[in-house]
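The lines below spell out each chain.
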Amino acid sequence: AQSVTQLDSHVSVSEGTPVLLRCNYSSSYSPSLFWYVQHPNKGLQLLLKYTSAATLVKGINGFEAEFKKSETSFHLTKPSAHMSDAAEYFCVVSAGGSQGNLIFGKGTKLSVKP
Amino acid sequence: EPEVTQTPSHQVTQMGQEVILRCVPISNHLYFYWYRQILGQKVEFLVSFYNNEISEKSEIFDDQFSVERPDGSNFTLKIRSTKLEDSAMYFCASSESSGLGGQETQYFGPGTRLLVL
(Lines give C-alpha, C1' and ligand atoms only; values in the text may rest on other atoms or scores of the structure.)
Protein backbone atom coordinates (compact mmCIF):
# COMPACT_ATOMS: atom_id res chain seq x y z
CA ALA A 1 0.00 0.00 0.00
CA GLN A 2 1.06 3.53 -0.66
CA SER A 3 1.76 5.99 2.15
CA VAL A 4 3.55 9.24 2.86
CA THR A 5 5.28 10.46 5.98
CA GLN A 6 5.91 14.12 6.58
CA LEU A 7 8.69 14.22 9.09
CA ASP A 8 7.96 17.61 10.61
CA SER A 9 4.59 18.82 11.80
CA HIS A 10 5.85 22.40 12.12
CA VAL A 11 8.75 24.24 10.50
CA SER A 12 9.68 27.82 11.32
CA VAL A 13 12.06 29.89 9.17
CA SER A 14 13.03 33.52 8.87
CA GLU A 15 12.06 35.49 5.82
CA GLY A 16 14.75 35.23 3.15
CA THR A 17 16.17 31.93 4.43
CA PRO A 18 15.79 28.54 2.72
CA VAL A 19 12.81 26.28 3.25
CA LEU A 20 13.02 22.49 3.51
CA LEU A 21 9.89 20.43 4.09
CA ARG A 22 10.59 16.72 4.29
CA CYS A 23 8.53 13.90 2.87
CA ASN A 24 9.17 10.18 2.57
CA TYR A 25 6.93 7.86 0.67
CA SER A 26 6.25 4.17 0.51
CA SER A 27 5.06 2.63 -2.72
CA SER A 28 5.09 -0.77 -4.32
CA TYR A 29 5.62 0.75 -7.77
CA SER A 30 6.76 4.01 -9.33
CA PRO A 31 4.55 6.59 -7.67
CA SER A 32 2.97 9.87 -8.68
CA LEU A 33 3.79 12.42 -6.00
CA PHE A 34 2.37 15.85 -5.35
CA TRP A 35 2.79 18.78 -3.00
CA TYR A 36 -0.30 20.80 -2.16
CA VAL A 37 -0.48 23.98 -0.09
CA GLN A 38 -3.37 25.15 2.04
CA HIS A 39 -3.50 28.77 3.15
CA PRO A 40 -5.79 29.61 6.07
CA ASN A 41 -9.45 29.33 5.12
CA LYS A 42 -8.54 28.41 1.56
CA GLY A 43 -8.68 25.24 -0.50
CA LEU A 44 -5.84 22.96 -1.47
CA GLN A 45 -3.64 24.35 -4.24
CA LEU A 46 -1.26 22.22 -6.27
CA LEU A 47 2.35 23.36 -5.95
CA LEU A 48 3.98 20.71 -8.11
CA LYS A 49 3.83 17.07 -9.14
CA TYR A 50 6.16 14.25 -10.10
CA THR A 51 5.01 11.63 -12.59
CA SER A 52 8.16 9.72 -13.59
CA ALA A 53 9.63 12.37 -15.87
CA ALA A 54 12.40 14.66 -14.59
CA THR A 55 13.35 13.94 -10.99
CA LEU A 56 13.71 17.63 -10.16
CA VAL A 57 10.30 19.20 -10.39
CA LYS A 58 9.72 22.94 -10.40
CA GLY A 59 6.46 24.32 -9.12
CA ILE A 60 4.76 27.61 -8.52
CA ASN A 61 6.03 30.41 -6.29
CA GLY A 62 9.67 29.29 -6.52
CA PHE A 63 9.16 25.88 -4.92
CA GLU A 64 10.78 22.73 -6.21
CA ALA A 65 11.05 19.12 -5.13
CA GLU A 66 13.43 16.32 -5.98
CA PHE A 67 12.33 12.73 -6.35
CA LYS A 68 14.99 10.41 -4.91
CA LYS A 69 14.09 6.80 -5.41
CA SER A 70 17.06 5.48 -3.45
CA GLU A 71 15.96 7.49 -0.41
CA THR A 72 12.20 7.21 -1.09
CA SER A 73 12.02 10.95 -0.55
CA PHE A 74 10.31 13.90 -2.19
CA HIS A 75 11.41 16.90 -0.14
CA LEU A 76 10.07 20.35 -0.94
CA THR A 77 12.50 23.27 -1.05
CA LYS A 78 12.58 26.97 -1.72
CA PRO A 79 15.76 29.06 -1.70
CA SER A 80 14.28 32.09 0.03
CA ALA A 81 11.13 32.15 2.15
CA HIS A 82 8.56 34.88 1.82
CA MET A 83 5.99 35.87 4.41
CA SER A 84 3.24 34.76 2.03
CA ASP A 85 4.62 31.20 2.11
CA ALA A 86 3.23 30.71 5.61
CA ALA A 87 0.70 27.91 5.17
CA GLU A 88 0.22 24.18 5.61
CA TYR A 89 1.92 21.92 3.09
CA PHE A 90 0.81 18.41 2.23
CA CYS A 91 2.86 15.72 0.56
CA VAL A 92 0.57 13.43 -1.40
CA VAL A 93 0.93 10.14 -3.25
CA SER A 94 -1.50 8.67 -5.69
CA ALA A 95 -3.00 5.33 -4.71
CA GLY A 96 -2.02 4.20 -8.17
CA GLY A 97 -2.96 1.36 -10.45
CA SER A 98 -6.48 1.95 -11.64
CA GLN A 99 -7.22 4.02 -8.59
CA GLY A 100 -7.19 7.79 -8.75
CA ASN A 101 -7.56 8.62 -5.12
CA LEU A 102 -4.87 10.54 -3.31
CA ILE A 103 -3.21 9.64 -0.03
CA PHE A 104 -2.20 12.62 2.07
CA GLY A 105 0.53 13.11 4.60
CA LYS A 106 -0.34 14.73 7.92
CA GLY A 107 0.87 18.10 6.75
CA THR A 108 3.65 20.48 7.75
CA LYS A 109 2.77 23.91 9.00
CA LEU A 110 5.30 26.47 7.77
CA SER A 111 5.75 29.67 9.78
CA VAL A 112 7.80 32.54 8.37
CA LYS A 113 9.23 35.09 10.79
CA PRO A 114 10.02 38.63 9.67
CA GLU B 1 -8.69 30.37 -14.47
CA PRO B 2 -11.36 27.70 -13.95
CA GLU B 3 -11.82 26.53 -10.40
CA VAL B 4 -13.84 24.13 -8.33
CA THR B 5 -16.48 25.82 -6.20
CA GLN B 6 -18.28 24.51 -3.14
CA THR B 7 -21.36 25.61 -1.24
CA PRO B 8 -22.01 26.31 1.52
CA SER B 9 -18.69 27.36 2.98
CA HIS B 10 -19.95 26.53 6.47
CA GLN B 11 -22.83 24.37 7.64
CA VAL B 12 -24.06 23.71 11.16
CA THR B 13 -26.55 20.90 11.68
CA GLN B 14 -28.09 18.83 14.44
CA MET B 15 -27.11 15.21 14.89
CA GLY B 16 -29.41 12.95 12.91
CA GLN B 17 -30.22 15.55 10.28
CA GLU B 18 -29.49 15.13 6.58
CA VAL B 19 -27.02 17.46 4.89
CA ILE B 20 -26.16 17.97 1.25
CA LEU B 21 -22.84 19.47 0.31
CA ARG B 22 -22.60 20.91 -3.16
CA CYS B 23 -19.73 21.19 -5.59
CA VAL B 24 -19.34 22.56 -9.08
CA PRO B 25 -16.33 20.86 -10.71
CA ILE B 26 -14.29 22.38 -13.51
CA SER B 27 -16.45 22.18 -16.60
CA ASN B 28 -14.43 19.83 -18.83
CA HIS B 29 -13.45 17.47 -16.04
CA LEU B 30 -14.80 13.95 -15.97
CA TYR B 31 -13.64 12.58 -12.60
CA PHE B 32 -14.94 13.85 -9.32
CA TYR B 33 -13.87 13.20 -5.75
CA TRP B 34 -14.81 13.91 -2.16
CA TYR B 35 -12.28 14.06 0.65
CA ARG B 36 -12.64 15.07 4.26
CA GLN B 37 -10.32 16.48 6.90
CA ILE B 38 -11.29 16.09 10.53
CA LEU B 39 -9.75 18.86 12.59
CA GLY B 40 -6.12 18.05 13.34
CA GLN B 41 -6.10 14.94 11.18
CA LYS B 42 -5.08 13.95 7.67
CA VAL B 43 -7.08 14.65 4.56
CA GLU B 44 -8.85 11.37 3.80
CA PHE B 45 -10.31 10.06 0.56
CA LEU B 46 -14.03 9.31 0.61
CA VAL B 47 -15.20 8.53 -2.90
CA SER B 48 -14.51 8.98 -6.59
CA PHE B 49 -17.14 9.24 -9.29
CA TYR B 50 -17.00 8.80 -13.05
CA ASN B 51 -19.58 8.33 -15.74
CA ASN B 52 -22.42 8.69 -13.24
CA GLU B 53 -21.27 5.97 -10.94
CA ILE B 54 -18.93 5.46 -8.04
CA SER B 55 -15.46 4.35 -9.16
CA GLU B 56 -13.98 3.75 -5.74
CA LYS B 57 -14.87 4.41 -2.16
CA SER B 58 -13.07 4.19 1.13
CA GLU B 59 -14.25 2.36 4.22
CA ILE B 60 -15.36 5.71 5.61
CA PHE B 61 -17.95 6.01 2.86
CA ASP B 62 -20.63 3.84 4.41
CA ASP B 63 -24.37 3.63 3.76
CA GLN B 64 -24.92 7.03 5.38
CA PHE B 65 -23.12 8.68 2.47
CA SER B 66 -24.19 9.04 -1.12
CA VAL B 67 -23.05 11.05 -4.12
CA GLU B 68 -24.92 12.28 -7.12
CA ARG B 69 -24.47 14.35 -10.22
CA PRO B 70 -28.02 15.65 -10.51
CA ASP B 71 -27.33 17.79 -13.57
CA GLY B 72 -24.48 18.67 -15.91
CA SER B 73 -22.67 20.88 -13.44
CA ASN B 74 -23.28 19.95 -9.82
CA PHE B 75 -21.76 17.11 -7.82
CA THR B 76 -23.25 16.51 -4.39
CA LEU B 77 -22.37 14.61 -1.24
CA LYS B 78 -25.29 13.65 0.98
CA ILE B 79 -24.99 12.50 4.55
CA ARG B 80 -28.32 10.93 5.50
CA SER B 81 -28.18 11.04 9.28
CA THR B 82 -25.28 13.05 10.56
CA LYS B 83 -23.20 11.98 13.54
CA LEU B 84 -20.97 14.07 15.74
CA GLU B 85 -17.92 12.44 14.16
CA ASP B 86 -18.97 13.68 10.71
CA SER B 87 -17.82 17.15 11.75
CA ALA B 88 -15.00 17.96 9.35
CA MET B 89 -13.93 20.01 6.37
CA TYR B 90 -15.19 18.37 3.20
CA PHE B 91 -13.27 18.97 -0.02
CA CYS B 92 -14.50 18.33 -3.51
CA ALA B 93 -11.97 17.77 -6.30
CA SER B 94 -12.09 17.13 -10.01
CA SER B 95 -9.70 15.99 -12.73
CA GLU B 96 -9.78 15.64 -16.49
CA SER B 97 -9.05 11.94 -16.21
CA SER B 98 -7.69 9.58 -13.62
CA GLY B 99 -4.51 9.09 -15.57
CA LEU B 100 -2.39 5.98 -15.52
CA GLY B 101 -1.53 5.36 -11.91
CA GLY B 102 -3.32 8.51 -10.84
CA GLN B 103 -0.99 10.95 -12.55
CA GLU B 104 -3.70 13.40 -13.39
CA THR B 105 -3.83 16.50 -11.25
CA GLN B 106 -6.84 16.87 -8.99
CA TYR B 107 -8.08 20.41 -8.47
CA PHE B 108 -9.66 21.09 -5.11
CA GLY B 109 -12.43 23.39 -4.02
CA PRO B 110 -12.19 25.62 -0.93
CA GLY B 111 -14.10 23.15 1.23
CA THR B 112 -17.26 23.09 3.30
CA ARG B 113 -16.80 23.13 7.05
CA LEU B 114 -19.48 20.93 8.57
CA LEU B 115 -20.25 21.11 12.27
CA VAL B 116 -22.61 18.54 13.75
CA LEU B 117 -24.03 19.43 17.16
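Keep in mind that what you see is a predicted model, and the values were worked out from it rather than measured.

Engineer: How do you make sense of unusual backbone geometry when you look at a structure like this?
Structural biologist: Only a minority of non-glycine residues have a phi that is not negative, and only a minority of peptide bonds are not trans. Omega for the bond connecting T7(B) with P8(B) falls within 30 degrees of zero, at -10 degrees, which places this linkage in the cis form. Turning to its location among the elements, P8(B) is positioned in the loop between β1 (5-7) and β2 (10-13). The phi dihedral of N61(A) falls on the positive side, at around 60 degrees, and the residue is not glycine. Within the secondary structure, N61(A) sits in the loop between β7 (56-58) and β8 (64-68).

Engineer: When you look at the interface of chain A and chain B in this model, what are you seeing that I'm missing?
Structural biologist: Interfaces are often sized by the amount of accessible area the parts lose when they come together. Listed as interface residues are 23 residues of chain A and, on the opposing side, 17 residues of chain B. Summed over both partners, the interface of chain A with chain B buries about 1800 Å², with 52% contributed by carbon and sulfur atoms. Summed over the shared surface of chain A and chain B, the result is 0 salt bridges. For the pair chain A and chain B, the number of links is 3 residue pairs in polar contact (both at pLDDT 80 or more). Listed by contribution, the elements that provide at least two residues to the side of chain A that touches chain B are β5 (33-38), β6 (44-50), β10 (87-96) and β11 (99-104) of chain A. The element that contributes the greatest number of residues to the side of chain A that touches chain B is β11(A), accounting for 5 residues.

Engineer: Explain the pattern of salt bridges to me, please; I cannot follow it from the model alone.
Structural biologist: Note that side chains of opposite charge can pair when their charged atoms are close. Residue and element names in this part refer to chain A. As enumerated under the stated definition, the model contains 4 salt bridges over all chains in all. Measuring nitrogen to oxygen at the nearest pair gives 3.0 Å for the salt bridge that ties R22 to D8. Here D8 lies in the loop between β1 (3-6) and β2 (10-14) and R22 lies in the loop between β3 (19-21) and β4 (23-26), a separation of 14 residues in the sequence. Judged by its relative accessible area of 33%, R22 falls in the partly exposed class. Notably, a salt bridge pairs K78 with D85, separated by 2.8 Å at the nearest N-O pair.

What counts and what doesn't
- Here the residue index of a chain counts from 1 through its sequence in written order.
- For this description, chains carry letters from A and ligands carry numbers from 1, given in the order in which they are written.
- With the structure being a predicted model, the display of local features is reserved for residues of pLDDT at least 70 and the display and counting of side-chain atom pairs for 80 or more, all residues being used for whole-chain, interface and lining totals.
- As a rule here, side-chain values cover all heavy atoms of the structure and leave hydrogens and water aside.
- Starting at the N terminus, helices and strands are each numbered in turn, a helix being any DSSP run of H or I of at least four residues and a strand any DSSP run of E of at least two.
- Two residues qualify as a contact provided that any one of their heavy atoms is within 4.5 Å of a heavy atom in the partner residue.
- Buried area is a sum: the accessible area each of two parts loses on coming together, probed at 1.4 Å, counted once for each and added.
- Counted as salt bridges are all cases of a side-chain nitrogen of Lys or Arg within 4 Å of a carboxyl oxygen of Asp or Glu.
- Within 3.5 Å is the distance limit for a polar contact, defined as a pair of N or O atoms, with the added protein rule that one can donate a hydrogen and the other accept it, and that residues adjacent in sequence qualify only through two side-chain atoms.
- Buried residues are those whose accessible area, probed at 1.4 Å on protein chains only, stays under 20% of the maximum for their type, while exposed residues exceed 50% and partly exposed ones sit between those limits.

So far we have only geometry, and geometry alone does not tell us how the molecule works.
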